[in-house]
Amino acid sequence: QVQLVESGGGSVQAGGSLRLSCAASGYTDSSNCVGWFRQAPGKEREGVAGFNTGRGSEYYADSVKGRFTISQNNAKNTVYLQMNSLKPEDSAMYYCAAQRCASWVLGPTLIDEHIYNSWGQGTQVTVSS
């Protein structure tokens with residue numbers, strides 16, 4: 001199993017930016033579906049952004065489109081979530097996930113938590129007004 005560790009969370013003012021990192025150990029090209037999820041207190045976990053590296057496809061939840069960007073470093077051992085124009089409603093614990101997947105895994109499936117087996121422990125993001 002891939003081990004994932006998130007970092008980069010913190011407290012920012014509304015309109016600010018953060019870049020979350022997800023460092024993977026044992027990460028290989030076979031774990032080519034990666035995703036970011038978040039969960040706020042009292043709410044269910046929701047998918048934020050997903051990326052199929054085998055296909056080169058990305059998908060974003062409507063709530064973050066145009067503001068968040070998922071990417072991967074050249075060594076393919078770190079996944080990033082660039083978060084711009086942050087809003088108070090973005091406050092949550094953010095988790096990264098990874099899973100071996102086929103190239104046909106596209107669209108909303110990339111932010112479906114049920115396709116992922118490897119999860120990090122989360123990093124907190126707090127956005128104040």
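The notes below deal with the structure included here. (Residues numbered from 1 in each chain as written. Predicted model: local features only at pLDDT ≥ 70, side-chain atom pairs only at ≥ 80, totals over all residues. Heavy atoms only, no water.)

**Describing the pairing of strand 8 (residues 78–83)**
As a reminder, the rule being used: Each residue's exposure class comes from its accessible area (1.4 Å probe, protein chains only) as a fraction of the maximum for that residue type: buried when under 20%, exposed when over 50%, partly exposed otherwise. Numbering of helices and strands runs from the N terminus; a helix is a DSSP stretch of H or I covering at least four residues, while a strand is a stretch of E covering at least two. Strand pairing is defined by DSSP finding a minimum of two bridges between the two strands.
In terms of burial, strand 8 is largely enclosed, as 5 of its 6 residues are buried. Where strand 3 (residues 18–25) and strand 8 come together, 6 bridges link them in antiparallel fashion. Of the residues in strand 8, the one forming a bridge with Leu 18 is Met 83. Looking at chain direction, strand 7 (residues 68–72) and strand 8 are connected through 5 bridges and run antiparallel. Residue pairing across strands places Ile 70 opposite Leu 81, the latter belonging to strand 8.

**Side note on the pattern of salt bridges**
Note the following rule: Salt bridges are defined as contacts in which a side-chain nitrogen from Lys or Arg sits within 4 Å of a carboxyl oxygen from Asp or Glu.
Using the criterion set out here, one finds 5 salt bridges in the structure. The partner of Arg 45 in a salt bridge is Glu 113, and the shortest N-O contact between them spans 2.6 Å. One end of the pair, Arg 45, is in the loop between strand 4 (33–39) and strand 5 (46–52); the other, Glu 113, is in the loop between strand 9 (92–99) and strand 10 (118–119), with 68 residues separating them in the sequence. The exposure class of Glu 113 is partly exposed, given its relative accessible area of 25%. Connected through shared salt-bridge partners, Arg 38, Glu 46, Arg 67 and Asp 90 make up one network.

**Quick look at the packing of aromatic side chains**
Here is the rule we go by: Ring pairs shown here join Phe, Tyr and Trp side chains whose ring centres sit within 6.5 Å, with only the six-membered ring taken for Trp; geometry is labelled stacked below 30 degrees between planes, edge-to-face above 60, and tilted in between.
Per the counting criterion, the structure on display carries 3 aromatic pairs. Seen in terms of ring centroids, Phe 37 and Trp 119 are 4.9 Å apart; in terms of plane orientation they differ by 50 degrees. Their pairing is tilted. With Phe 37 in strand 4 and Trp 119 in strand 10, this pair connects stretches of sequence that are 82 residues apart. By relative accessible area, Phe 37 is classed as buried at 1%. Between Tyr 116 and Trp 119 the ring centres are 6.3 Å apart and the planes differ by 75 degrees, which places this aromatic pair in the edge-to-face class. Overall, the relative accessible area of 4% leaves Tyr 116 in the buried class.

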